[in-house]
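Each chain, letter by letter, is given below.
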Amino acid sequence: QVQLVESGGGLVQAGASLRLSCAASGRTFNSLVMGWFRQAPGKEREFVAGISWTGANTYYADSVKGRFTISRDNTKNTVYLQMNNLKPEDTAVYSCAADVQLRKIGKTTMDYWGQGTQVTVSS
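As the structure is a prediction and not an experimental result, all values here were calculated from the model.

Draft legend 1. Just the overall build of the protein, in detail. Counting secondary structure elements, the protein contains zero helices and eleven strands. For the protein, the α and β elements follow one another from N to C terminus as β-β-β-β-β-β-β-β-β-β-β. Since a compact globule built from 123 residues should have a radius of gyration of about 14 Å, the 13 Å found for the protein is in line with a globular shape. Each principal axis of the C-alpha distribution contributes one length, and for the protein these read about 40 × 30 × 25 Å. Put simply, the protein has 123 residues, and 42% of those count as buried. In the protein, the proportion of contacts linking residues at least 24 apart, taken out of those at least 6 apart, comes to 58%. Summed over all atoms, the accessible surface of the protein reaches about 6100 Å², with 46% contributed by carbon and sulfur.

Below, the structure is given as structure tokens:
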């Protein structure tokens, strides 16, 4: 069993930055691949970024490439999403997810999910 808790969301103006954190517990962190997803009201959940077990490989949705950076600190059991140059279209609930299988990165069927943190970007 894995528990995930997100933090760091908030209300910001367009162009601002936020850093989201996701703290994991219940399983050896470096056995998990991690991902960030987001869901806006009335829309389907979409993949944002993913990272392999040690951070050697990262994956990004085209919509955030160059603006967002995913990283992990396995000594702290935490994955981060640094979000720069935020845009109103980034407004969503951001959730982190975990799985033991790299092939499931970016999939909404990843095994473990946090409850999410709200990010709101005003114009």
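Next comes the rest of the write-up.
Draft legend 2. Fine view of the state of the cysteines. In total, this model carries one disulfide according to the counting rule given. In this model Cys 22 forms its disulfide with Cys 96; the gap between the sulfur atoms is 1.9 Å. Across the S-S bond linking Cys 22 and Cys 96, the dihedral sits near 45°, which makes this disulfide right-handed. Within this pair, whereas Cys 22 is found in strand E3 (residues 18–25), its partner Cys 96 is found in strand E9 (residues 92–99), the two being separated by 74 residues in sequence. Taking the relative accessible area as the measure of exposure, Cys 22 reaches 0% and is therefore buried.

Analysis parameters
Along every chain, residues carry numbers that run from 1 in the direction the sequence is written. A pLDDT threshold of at least 70 governs which residues receive local features in this predicted model, and a stricter bar of 80 or more applies before side-chain atom pairs are shown or counted, although totals over entire chains, interfaces and linings include all residues. By convention in this description, side-chain values take in all heavy atoms of the structure and omit both hydrogens and water. In DSSP terms, a helix is any run of H or I states spanning at least four residues, a strand is any run of E spanning at least two, and both are numbered starting from the N terminus. In this treatment the radius of gyration is a C-alpha quantity, and the globule benchmark scales as 2.2 Å times the residue count to the 0.38 power. Each residue is assigned to one of three classes by its accessible area relative to the maximum for its type, calculated with a 1.4 Å probe on protein chains only: buried under 20%, partly exposed between the two thresholds, exposed over 50%. Every residue pair with non-hydrogen atoms within 4.5 Å of one another is taken to be in contact. Each accessible area value is a Shrake-Rupley result obtained with a 1.4 Å probe; residue values ignore everything except the protein chains displayed when judging cover. We call a pair of cysteine sulfur atoms a disulfide when they lie within 2.5 Å.

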